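So you can see what is in the structure, the chains are spelled out below.
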Amino acid sequence: MTIETAIVDIAKAAKKAALAMATCPTEKKNRALLAMADRLHQDAARIQAENRKDLEAAAAAGLSAAMIDRLTVSDAVISSMADGLREVAALPDPVGAKSATWRRPNGLEVARMRIPLGVIGIIYESRPNVTVDAAGLCLKAGNTVILRGGSEALHSNRALAATISASLAESGLPETAVQVVPVADREAVTHLLAQEEYVDLIIPRGGEGLIRFVVQHSSIPVLKHYKGVCHVYVDQDADMEMARAICFNAKVQRPGVCNAMETLLVHKDAAEQFLPDMARQFADAGVVLRGCAATRALLPDIEAAEEADWHAEYLDLILAVKVVDSMDAAISHIAAYGSSHTEAIVTTRYDRAMRFLASVDSSVVLVNASTRFNDGGQLGLGAEIGISTSKLHAFGPMGLEELTTTKFIVLGNGQIRE
């Protein structure tokens, strides 16, 4: 069997299973999720034995310590995956929920009802926990899912797929509701992206290179974000102590994630009061600053920022800093260099806060809070499949509701159109 034939068979099976999942009762989906959580613990030794094969190969290939850490399925990771499944089981089921109903003059009752998207393909790198997290969310929303993890996690993902399949069978659901592409060859991704007859949506999760490859080659709609060039703007009327705490958290708490601050914008009237103490705090945490000319006039020991720095997603303890003449200049900078991901303003002025919220075109815009809150769990969605910076059909963190769409339902009593 060729790789192309294998992918077509997987896609066809997912499409067939989607018919059953679309009308699957909530209780049955929840039982499957809880069975998956229990079986993860029961199968932990087998899963970790397979994971060790991936870890040995990663070490031999010279992968970084950070990559190997992301790849490791420890006891804590097993517990976290199981807990995540139980949390998803406890969430309200979006499928079947109806919007407000309205009556037409001819007596027709019209409403919108949430339905699953259908078959979702998820292409991701490194972390085996994504296999379980994505499977749980897609199942709860009534979808089927085809998972293609990175080649570096192939043994781990196959082991997790076996656990998921056994749980589905135990719960009376089609085992093909969750399938893991079982080959490492990148050709499999290309063939998956061509299955528009069977797959309804592709979600890539990983680095910018992976996401651009998927967008370039997919004949299926793609929900994605390329990168997170996130900004915090410190207004001239900001509470300086609050601003320093927010900026420090946004950059330092987890610098290697997509919602970490990459550029700090400071109003010229606040710069002298704000920047020296902020710079010392960053220096103590090992943050390297790169500033514009006005910033370096106040902080002469920092590196000079170049044009590329305003575009950069460092994912590291590096921060670009720019002094701006006004809030409008800050908004213009964000429009020119931002990635529609996450932006924040720190200010005590309500009118400026509201104008910033209205003017900045990003998936999450915050007032007096860290960019690190652009996260499904932090925003009350319960869990997320990823963050979308495209606007069709979701913008921002994607929870269960964003894994559904709506259809119109119309109730009549014999009406015909004249």
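Preceding this section is the structure that the text describes.
Note that the coordinates shown come from a computational prediction; the quantities given were computed from them, not determined experimentally. (Residues numbered from 1 in each chain as written. Predicted model: local features only at pLDDT ≥ 70, side-chain atom pairs only at ≥ 80, totals over all residues. Heavy atoms only, no water.)

Visitor: Just to check I follow, could you spell out the pattern of salt bridges for this structure?
Guide: Between side chains of opposite charge, pairing is possible as soon as their charged atoms come close. Evaluated as defined, the whole model comprises 21 salt bridges. Among the salt bridges present, the one from Lys53 reaches Glu50, with a minimum N-O distance of 3.0 Å. One end of the pair is Lys53 and the other is Glu50, both in helix H3 (residues 44-60) and three residues apart, which spans about a single turn. On the accessibility criterion, Glu50 (22% relative accessible area) is partly exposed. Notably, a salt bridge pairs Asp277 with Arg280, separated by 2.1 Å at the nearest N-O pair. (Salt bridge = Lys/Arg side-chain N within 4 Å of Asp/Glu carboxyl O. Helix = DSSP H or I, 4+ residues; strand = E, 2+ residues; numbered from the N terminus. Buried < 20%, exposed > 50% of the residue type's maximum accessible area, 1.4 Å probe, protein only.)

Visitor: Looking at this model, I keep getting lost on the side chain of Asn374. Mind explaining?
Guide: Note that Asn374 resides in the loop between strand E13 (364-367) and strand E14 (386-388). Side-chain polar atoms of Asn374 contact the side chain of Thr342, separated by 2.7 Å. Those residues in contact with Asn374, other than ones at most four positions away along the chain, are Asn259, His341, Thr342, Ser363, Val364, Leu379, Ile387 and Pro397. (Polar contact = N/O pair within 3.5 Å; in protein donor to acceptor, adjacent residues only side chain to side chain. Contact = heavy atoms within 4.5 Å.)

Visitor: Any chance you could explain the pairing of strand E4 (residues 144-148) here in plain terms?
Guide: Sheet faces and side chains relate simply in a regular strand, where the side chains alternate between the two faces. Of all five residues in E4, five are buried, a share of seventy percent or more. On E4, burial covers both faces: Thr144, Ile146 and Arg148 on one face and Val145 and Leu147 on the other are all buried. Where strand E3 (residues 119-124) lies against E4, five bridges are found, and the strand directions are parallel. Following the sheet pairing, Ile123 is matched in E4 by Arg148. Between the parallel pair E3 and E4, the chain is carried across by helix H6 (residues 129-140), and the sense of this crossover is right-handed. Bridging between E4 and strand E5 (residues 178-180) involves three bridges; their strand directions are parallel. Among the inter-strand pairings, Ile146 is bridged to a residue of E5, identified as Gln179. In terms of handedness, the path from E4 via helix H7 (residues 154-170) over to E5 forms a crossover that is right-handed. (Pairing = 2+ DSSP bridges. Right-handed = clockwise from strand over helix to strand, strands pointing away.)

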